[in-house]
Amino acid sequence: KKSRHSTLNHLSFEGVWPLPQAFTSSTERYPLNPQAFYFGYGKQSAAQQGCSVLDTAFKRYFSLIFPDYSSVDQWAFVDKPFLVEVSVDQDDCESYPQEDSSEKYNLSVCEGKASLKAETVWGAVRGLETFSQMVYQDDFGSYFVNKTEIEDFPRFQFRGILLDTSRHYLPVQAILKTLDAMAYSKFNVFHWHIVDDPSFPYQSSTFPDLSSKGAFHPMTHIYTQSDVRRVISYARLQGIRVLPEFDSPGHTKSWGKGQSDLLTPCYRGSTPSGTFGPVNPVLPSTYQFMEKLFKEVSSVFPDSYIHLGGDEVNFSCWKSNPDVRAFMQKMGFGADFTKLEAFYIENIVNITSALNKTSIVWQDVFDYHEKIPEDTVLHIWKGLPEVYQTELSRITKAGKRVLLAAPWYINHISYGQDWRNYYTVQPQNFSGTEEQKKLVIGGEVCMWGEYVDATNLNPRLWPRASAAAERLWSDEKQTSSVDSAFPRLQDFRCKLVRRGIQAEPLYVGHCKHEYQGV
Amino acid sequence: ISYIILKLYYRSHLELREITNIFYISLTAPDAQASKFGSLWPLPQKVQISEVSFKLTSSSFKIVDAKESSAGPSCSLLQDAYRRYYEYMFGSTKKLGLSKSRRTGPSELTELQVWITSPDSECDDYPSVTSDESYELSVDLPFAVLKAPKVWGALHGLETFSQLLYEDEYGAKSVNATTISDFPRFAHRGILLDSSRHFLPIKVILANLETMAMNKFNVFHWHIVDDQSFPYLSRTFPQLSQQGAYHPYTHVYTPADVKMVIEFARLRGIRVIPEFDTPGHTQSWGKGQKDLLTPCYSGSKPSGTFGPINPILNTTYDFMNQFFKEISTVFPDAYVHLGGDEVDFTCWRSNPDIQLQQTGIILHPKVCFSFIVKLLDIVTTTNKGYMIWQEVFDNGVKLKPDTLIHVWKGNQEQYQNEMANVTSSGYQTLLSTPWYLNRISYGQDWHGYYKADPQDFKGTEEQKKLVIGGEACLWGEYVDATNLTPRLWPRASAVAERLWSAKDVTDINDAFNRLSMHRCRMVERGIPAEPLFSSYCPREYKGI
């Protein structure tokens, strides 16, 4: 389906990142005049004017398509109008994007008109992004788009970015900006690692002490309920799901400050040492607390998935605690603390299942506990390719769905073009049947927060995360060459800069419009 | 191997030592392990801070010239600095004058008097390598006094004074009674920015000069041109940037831009040393200056590519003469950096005209010698001193005794040997090798920058004295306006303390505590300085 004309200067589709699945393009180009440029709904479209997602997308994309558009006089000659006509099959304008929401779209650009057809508004939003990237300016500042046909859909359903707001607090503005940039790379899941050991910025309405005592600062370093709603609704308009993570039983130091008796008291010999370990799995009060907290979280976050963490549990504190040891005896766990951890996780998963949420957990849970509920998704984060490939193979063999993050720990920086490594990942390259391969639902770029806050988040994330975005969206065979990706990604990063995203350079060179901040 | 183990076992990749050490510390309340030196950075030579504290309010506090000061209201450098530091300390508050009649409290500090003690304040001069940067600060009632022989010391003293301020539990600005006597360990404390690999908008350069002043850096080494682009707009040879810049209008530094940078730097006690690197690293020069570069040959025919500057044509030296004449008038500093690094001889070797001049003996370092020697003569006639990268010294070129040799190569052992060699030959030197800040890695790499010491090499006391300082280099391959500032700060601050404070200031835990607060102060002043580790600032970066 693809026809390349690589000698041409402006190929609309080549300017699109991530690369669409199928496209034909020609040199025939049409001038676009912002004074005579319109978005509209097709007659057959299930969504019509008043559709919140598309109405706001039209507004947003007009400014993205015409960044220089300011004065009316500048465009005195209103010539032929150009219409972008959007038609969708379902009126899902007020819903939230879901795991199975179709993001497929067809885009056909011809003289005077671009037809964008999609099953859902989410597909239409992806198509608008593509269209916006196809428009270019000549040396005199006039806008053009080439005759093009595109049929596009994502390779993977789940294309996520993890931000960590516990190790450093990220102001809401920084999160919203990241959501903007995510949409430019067609990411569709914001994995909000909202709390962890260092701080608990989520302001719970049920347990306000969690943030008033566990946040870095109880007033300035928290996410209020309205902050969270704002993030969720902003993400929705971009077709992005918000997946909250409340990681337990480890990584919970900050929880203990506002909730007494939640964490396990560690012992030195026969007396408490004054320090605390993971969540205390032996007290009924723990599960009562968790039930209430997750009930709140389930109603605040509309997504049908919830991330429960479950990684890196240190057993030494549990081992030191006589009550825990007695409980182990009683339950017949012997000295196998992984059984205790499994017991805990099972209880938490049951709580969230009862709330109609599907759980995602870090791979550690599978490592010690193979009989978790069928629909639980395992999140692979450990190791080098050989290691995670083995793990992919093993977990999918057990019939579990998996999500790959291990090769995309983007907080890890090094000198040079490390985006090449992110680009060349092959998420389905492991030994297994076709059925097993289908259990890979996608991948995630993780930006852990030890060394990242609002001062450096953006340039560290972009355009490195965009390399993973193309891997997760585009056809692997068409995007196998990292060298042909390089100039395209350079162009794309200049587009990001033009849109106000602080995307760092890939190598020497320049953008026509450099970043103007500091 | 340890990397792999960590990668396997720690999801969020803490380094082991951090888990056991710094991570623990940073989780406890910030004041629990505050340094007894508060947030001072770089640490002054002598500090005494007492328990007695005074309040300051934006409505009554003033910075004024002392009566005895040799610099008065006509010294705009100082007046400008007073306003700048007032705003740093109190914000650009509009509450001024609101409560003028308010009686000041008994333990309120209302005045900082700045007293320039030497008859010539140097207010209208440019700073130089010999400028006196010392100052003495005494914070006490009825007023605080900042004494400095010259304005340069006063600028540093104002920064130090602003660093002594803290907020008490009610948010009131406070300062403790303090006595400080301070001067830099090294005279040359520089930052190199590279505006050729990526163009850096003026705004970015100015913001970093501002941040340099907060860290008591005093040299901006402007690596302004290189292979990739020639953004310097030369009056004499405008075609150099017309043809050699990334864009002839949007990606150039006009004479007015350069002037603005130099004056902005001067007002902060910072010298601007331009680098025009030759004979290598000059691809972009060739675009606007015909016959300047050596045509490379493949076999007996020109290959169409060009190498270093052509050392055998008289026109080359005519050009250099005129060009450096212009540079010497545009840049007031007594030094210019002439580069001289990484010259690739293959093109010279391929060129038959150069081979002829070599009378059959192919010994190309000599070609390089003769070029450099002539260039040094040219620059000498402009009354400038010069800095050069170490290769020029390594190749045995005869240099003026006041030449500064810039060491940038090798591992620790190699650069220490180089420092020993250079100083034993009697030349002054400065160090950059351990401070290539463009090289990034995961974790707290500032530790390494902090530990490097330019005087750690085998040599006599006399030799050690020939070390005039060092420079942190931020080469531009992977850096532009989008990521420069957080990549530079606070990592460069680690270098700043090494170059300013006493040699024995090496306690890394105390440094961590002070530097964490210093970085939050930079953030509060609008500079996106990145975090050292998991933590927070009372006022996070807002410029998103």
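It should be emphasised that the depicted structure is a prediction, and the values quoted were computed from it without experimental measurement.

1. A look at the overall build of chain A
- Along its length, chain A carries 17 helices and 17 strands.
- Taken over the C-alpha trace, chain A has a radius of gyration of 25 Å; the compact-globule value for 518 residues is 24 Å, and the two agree within 12%.
- Each principal axis of the C-alpha distribution contributes one length, and for chain A these read about 85 × 50 × 50 Å.
- When each of the 518 residues of chain A is scored for burial, the buried share is 62%.
- Carbon and sulfur atoms make up 51% of the accessible area of chain A, which amounts to about 19100 Å² in all.
- Within chain A, the 60 negative side-chain charges are centred at a point lying 1 Å from the centre of the 52 positive side-chain charges.

2. Section: the interface of chain B and chain A
- Facing 56 residues of chain B, the contacting portion of chain A comprises 62 residues.
- Here chain B packs against chain A, burying approximately 5200 Å² in sum over the two surfaces, 60% of which is carbon and sulfur.
- Inspection of the chain B/chain A interface yields four salt bridges.
- Run the count over chain B and chain A and you get 27 residue pairs in polar contact (both at pLDDT 80 or more).
- Secondary-structure elements contributing two or more residues to the side of chain B that touches chain A are helix H1 (2–9), helix H2 (16–27), helix H5 (202–214), helix H17 (484–488) and helix H19 (508–524) of chain B.
- With five residues, the top contributor of residues to the side of chain B that touches chain A is H1(B).
- A class-by-class count of the residues in the side of chain B that touches chain A yields 29 nonpolar, 14 polar and 13 charged.

3. Regarding the confidence of the model for chain B
Residues and elements named next belong to chain B.
- Looking at chain B, the pLDDT average stands at 91 and 90% of residues meet or exceed 70.
- For residues 1–32, every residue scores under 50 in pLDDT, and the model assigns this stretch 70 contacts once sequence neighbours within four places are set aside.
- Among the prediction metrics, the complex's ipTM stands at 0.90, with pTM recorded as 0.92.

4. Description of empty space enclosed by the protein
- Counted by the stated rule, this structure contains seven cavities of 30 Å³ or more.
- Of the voids in this model, the largest cavity is the one considered here, and its volume is about 250 Å³.
- Forming the walls of the largest cavity are 21 residues, and the residues nearest its centre are Arg464(A), Glu504(A), Ile440(B), Asn483(B) and Arg487(B).
- Of all the secondary structure elements, the ones that give two or more residues to the lining of the largest cavity are helix H15 (457–461) of chain A together with H17 of chain B.
- Residue composition of the lining of the largest cavity, grouped by class: nine nonpolar, six polar and six charged.
- Here the second largest cavity is characterised by a volume of approximately 180 Å³.
- As for the second largest cavity, its lining consists of 17 residues, of which Gly443(B), Asp445(B), Arg491(B), Glu530(B) and Pro531(B) are closest to the centre.
- Across the lining of the second largest cavity, the residue classes break down as eight nonpolar, four polar and five charged.

5. Considerations on the UniProt feature "active site" (unreviewed entry) in chain A
All names here are of chain A.
- Per the UniProt record, "active site" (unreviewed entry) is annotated on Glu312.
- Here glutamate 312 shows up in the loop between strand E13 (305–309) and helix H8 (316–320).
- Polar contacts involving the side chain of glutamate 312 include one to the side chain of histidine 251, which spans 2.7 Å.

6. What to know about the environment of Ser359(A)
All names here are of chain A.
- As for its placement among the helices and strands, serine 359 is situated in strand E14 (residues 358–362).
- Spatially, the C-alpha atom of serine 359 lies 5.1 Å from that of threonine 376, the residues being 17 residues apart in sequence.
- For serine 359, the contacting residues outside a window of four places in its chain are Ile306, Leu308, Val349, Thr352, Asp375, Thr376 and Val377.
- Here threonine 352 takes part through its side chain, which lies 3.3 Å from a polar atom of the side chain of serine 359.

7. Some points on the state of the cysteines
- Under the counting rule described, the total for this entry stands at six disulfides over all chains.
- If one numbers only the bonded cysteines of chain B, in the order they occur, the disulfide pattern is 1-2, 3-4, 5-6.
- Here the cysteine-cysteine linkages of chain A are recorded as 1-2, 3-4, 5-6, numbering only bonded cysteines and doing so in sequence order.

8. Things to note about the domain arrangement of chain B
Residue and element names in this part refer to chain B.
- Splitting chain B by domain gives domain 1 (46–91 + 103–182) and domain 2 (188–525).
- Every contact between the two is made by 22 residues of domain 1 and, on the other side, 21 residues of domain 2.
- For the domain 1 and domain 2 pair, buried surface summed over both sides reaches about 1900 Å², with 51% attributable to carbon and sulfur atoms.
- The largest share of the area that domain 1 buries against domain 2 comes from Tyr88, Tyr126 and Val129, three residues that together contribute 28% of it.
- Counting the contacts that link domain 1 with domain 2 gives three salt bridges.
- Summed over the shared surface of domain 1 and domain 2, the number is nine residue pairs in polar contact (both at pLDDT 80 or more).
- Looking at the side of domain 1 that touches domain 2, the elements with two or more residues in it are helix H3 (76–90) and helix H4 (151–164).
- Looking at the side of domain 1 that touches domain 2 element by element, the count peaks at seven residues for H4.
- Partitioned by chemical class, the residues of the side of domain 1 that touches domain 2 number 10 nonpolar, five polar and seven charged.

9. Re the nonpolar core
All names here are of chain A.
- In this structure, Leu54 and Phe131 are the most contacted members of the largest nonpolar core, which totals 281 residues.
- Apart from residues no more than four positions distant in its own chain, leucine 54 is found in contact with Tyr41, Ala47, Val86, Val88, Val121, Ala124, Val125 and Leu128.
- Counting 10 residues, the second largest nonpolar core, distinct from the first, contains Trp318, Met328, Phe337 and Leu340.

10. Topic: the domain arrangement of chain A
Residue and element names in this part refer to chain A.
- When cut into domains, chain A gives domain 1 (22–152) and domain 2 (158–480).
- If you average the C-alpha positions of domain 1 and of domain 2, the two centres end up 36 Å apart.
- Tallying the contact residues gives 22 residues for domain 1 and 20 residues for domain 2.
- On the domain 1 side of the contact with domain 2, Tyr96, Glu99 and Arg126 bury the most area, a combined 31% of that side's loss.
- Here domain 1 is connected to domain 2 by three salt bridges.
- Of the charged contacts, one joins glutamate 94 and arginine 236 as a salt bridge, the two residues approaching to 3.8 Å between their closest N and O atoms.
- Scanning the region where domain 1 abuts domain 2 turns up 15 residue pairs in polar contact (both at pLDDT 80 or more).
- Per-element accounting of the side of domain 1 that touches domain 2 gives the leading share, six residues, to helix H2 (residues 121–134).

11. Concerning the packing of aromatic side chains
- Under the defined criterion, the tally for this structure stands at 73 aromatic pairs over all chains.
- Pairing Trp389(B) with Trp475(B) gives two aromatic rings, centres 5.9 Å apart and planes at 45 degrees, and the pair type is tilted. Separated by 86 residues along the polypeptide, Trp389(B) in strand E14 (residues 385–389) and Trp475(B) in the loop between strand E17 (467–474) and H17 bring together distant segments of the chain. There is no split in this pair, since Trp389(B) and Trp475(B) are both buried.
- Through successive ring pairs, a cluster of aromatic residues spans Tyr169(A), Phe190(A), Trp192(A), Phe200(A), Tyr202(A), Phe207(A), Tyr223(A), Phe246(A), Trp255(A), Phe289(A), Phe294(A) and Phe301(A).
- A cation sits over an aromatic face here: Arg266(B) above Tyr126(B), 6.0 Å from the ring centre.
- For the cation-ring pair, Lys464(B) lies above Phe457(B), with the distance from its terminal atom to the ring centre recorded as 5.2 Å.

12. Observations concerning the pattern of salt bridges
All names here are of chain A.
- Per the stated rule, a full pass over the model turns up 50 salt bridges over all chains.
- Where arginine 241 meets aspartate 303, a salt bridge forms, and the shortest distance between an N and an O atom there is 2.9 Å. Taken together, the residues span a long stretch of sequence, with arginine 241 in strand E10 (residues 241–245) and aspartate 303 in the loop between helix H7 (284–300) and E13 at a distance of 62 residues. Each member of the pair, arginine 241 as well as aspartate 303, carries the same accessibility label: buried.
- A salt bridge links arginine 420 to aspartate 483; the shortest N-O distance between them is 3.0 Å. Of this pair, arginine 420 sits in helix H13 (residues 419–423) while aspartate 483 sits in helix H17 (residues 482–498); the two residues are 63 residues apart in sequence, bridging distant segments of the chain.
- In the salt-bridge network here, residues are joined through shared partners; they are Asp364, Asp367, Lys382, Glu391 and Arg394.

Calculation notes
Residues numbered from 1 in each chain as written. Chains lettered and ligands numbered in written order. Predicted model: local features only at pLDDT ≥ 70, side-chain atom pairs only at ≥ 80, totals over all residues. Heavy atoms only, no water. Helix = DSSP H or I, 4+ residues; strand = E, 2+ residues; numbered from the N terminus. Rg over C-alpha atoms; globule rule 2.2 N^0.38 Å. Buried < 20%, exposed > 50% of the residue type's maximum accessible area, 1.4 Å probe, protein only. Areas by Shrake-Rupley, 256 points an atom, 1.4 Å probe, with all protein chains shown as cover. Lys, Arg positive; Asp, Glu negative; His and termini not counted. Charge placed at Lys NZ, Arg CZ, Asp CG, Glu CD. Contact = heavy atoms within 4.5 Å. Buried area = accessible area lost by both parts, 1.4 Å probe. Salt bridge = Lys/Arg side-chain N within 4 Å of Asp/Glu carboxyl O. Polar contact = N/O pair within 3.5 Å; in protein donor to acceptor, adjacent residues only side chain to side chain. Nonpolar A, V, L, I, M, F, W, Y, C, P; charged D, E, K, R; others polar. pLDDT = per-residue confidence, 0-100. 1 Å grid on protein atoms, 1.4 Å probe; cavity = no way out; pocket = protein on both sides within 12 Å on 5 of 7 lines; lining within 4 Å. Points joined across faces, edges and corners; volume = space filled by probe spheres on them. UniProt positions renumbered as here; feature names shortened; annotations may be inferred. Disulfide = S-S within 2.5 Å. Domains from an automatic or database assignment. Core = buried A, V, L, I, M, F, W, Y, C linked by side-chain atoms within 4.5 Å. Phe/Tyr/Trp six-rings, centres within 6.5 Å; stacked < 30°, edge-to-face > 60°. Lys NZ or Arg CZ within 6 Å of the ring centre and 35° of its normal.

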